[in-house]
Every structure is written in structure tokens, then in C-alpha cells.
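The residues making up each chain are set out below.
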Amino acid sequence: MEFIDLGLISHQEAEKIQLERLGKVMEGTAGDALFLLEHPPVVTLGRQGGLENLLISKEALKAMGAEVVQTARGGNITCHYPGQLVVYPVMRIEKRRGGIKKFFHDMEETAIRTAARFGVDAARSEGRPGVWVGPGKLCSIGIGVKKWITYHGLSFNVSTDMKLFDAITLCGLHGAHPTSLSREAGKEISTEEVKNVFREEFGKVFADTTVAAG
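Residues numbered from 1 in each chain as written. Predicted model: local features only at pLDDT ≥ 70, side-chain atom pairs only at ≥ 80, totals over all residues. Heavy atoms only, no water.

Caption draft 1: The arrangement of the environment of alanine 122 in detail. Within the element layout of this structure, alanine 122 appears in the loop between helix H3 (99–117) and strand E7 (123–125). Using a relative accessible area of 7% as the deciding quantity, one classes alanine 122 as buried. For alanine 122 and glycine 136, which are 14 residues apart along the polypeptide, the C-alpha to C-alpha distance reads 9.6 Å. Beyond its immediate chain neighbours, meaning those up to four positions away, alanine 122 contacts Ile112, Ala115, Val131, Trp132, Val133 and Leu138. (Helix = DSSP H or I, 4+ residues; strand = E, 2+ residues; numbered from the N terminus. Buried < 20%, exposed > 50% of the residue type's maximum accessible area, 1.4 Å probe, protein only. Contact = heavy atoms within 4.5 Å.)

Caption draft 2: Looking closely at the pattern of salt bridges. Following the criterion strictly, the structure yields 12 salt bridges and no others. Taking the shortest distance from any N to any O, the salt bridge between glutamate 2 and arginine 21 comes out at 2.8 Å. Of the two residues, glutamate 2 sits in strand E1 (residues 2–8) while arginine 21 sits in helix H1 (residues 11–27), which places them 19 residues apart along the sequence. Residue arginine 124 is joined to glutamate 109 by a salt bridge in which the shortest nitrogen-to-oxygen separation is 3.1 Å. Separated by 15 residues along the polypeptide, arginine 124 in strand E7 and glutamate 109 in helix H3 bring together distant segments of the chain. Taken together, the salt bridges that share partners define one network made up of Glu108, Glu109, Arg113 and Arg124. (Salt bridge = Lys/Arg side-chain N within 4 Å of Asp/Glu carboxyl O.)

Caption draft 3: Up close: H3. Between its first and last C-alpha, H3 extends 27 Å over 19 residues, near the 27 Å set by a 1.5 Å rise per residue. Where H3 terminates, the next one or two residues include glycine 119, which has phi positive at roughly 80°. (Expected span 1.5 Å × (residues − 1).)

Okay, here's the thing in C-alpha cells:
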């Protein structure tokens, strides 16, 4: 597993990098990779739609410095912005026990353990994908899979500035609202801190499963 820090990068450029790596993993010319990054403001739509959950016009969104992008991931609408950690694993899972369901579970587990390292008690919520702190959604997950290789992934809210979420109905779930690690911890936490901890916890969680087997 190669860990690659892309810093602040546009959604379009990050997707291009993911797809290039995906192709190389398919060909067998490169191994699995975990990309860690932040995006400039962007609202993304999943395969299940989401445009119906955009609460303002695209023009108004553009005035906020954000755009709308269609993706190949699962799930509905969400948003990304500086101060949110985005994680894209490009991983071959066809021979690993538990398949996609176990992979999804372990991504959630990594986020839960990362939150715990900062004193925040996060958990799963039955029937609602992602990671939650009470009614607040801390982490969204939406993956794509092509020939048993994953791409897209997870977004983990870190900073207290989450105003872009006001433009959407979060994940299409009425009554759901976003929360962040900094808000729940009661102190400002940097994305770099969370990035380093997430990488450590990812190594631990996936080392305990066959997903980590080379």
C-alpha cells in the first residue's frame, strides 16, 4: 500500500490521478494506493443522484466559489472544501474475504478510531451509511468499484467552517446535519493532524483484515 498526499487539489485533477492509478492496478503495473487530500469548494453528486437535493441554484453556488460535479461513486449529494479530509483508496479487493461490504465497514472503522484519538465518540448509525456523532454526520462514504478495484472513498469533516453544507440536503437525508471533529472536540484541529492519524489507523484496521494482504 502506497500512501500519497496530494495536498489541496481540484476534484477533476484528483479524479484523473485516481483513474490513472486504477488503470495501472488493473494492468498489474502498480500496487494499491491511498490518496489523502483536500478539495477546493465543490458539490458532488453520486450515482443515486442528488441534484434534487441542491438547495440553491448552480449560479448561486458558483458565486460562493463552488461548482457541481457528477461522480461515479455511490451515494447521493455531498460537498468538499478546505478543512475536510478526503481519502481515496485505490485497492484490489476481489480475493479478500468480505469483499465490498467488509471494505466499507473497515473504512468506517478507520474514521471511528481516528475520531476517538481526538476524544470524540463517533459511531455507525443503522440504515445510514457513514460515521455519526449523535445526529451529526462526521464522515461520508461513497465508493466506486471497477473490476473489483475500489476508487472514490471518504470525506471526514475536520474544521468548524462547514457553511457549504447549507447549500444541500446532506446525502439526501432530511433532518441530517453535518458536524466536524473540531466542533465535537471543542477545539480547532488541523487537517494535517487528522491526515496523519487516519493514515496510522488505516494501517492498523486493514492490517487486521485480509484487505491488507498483498
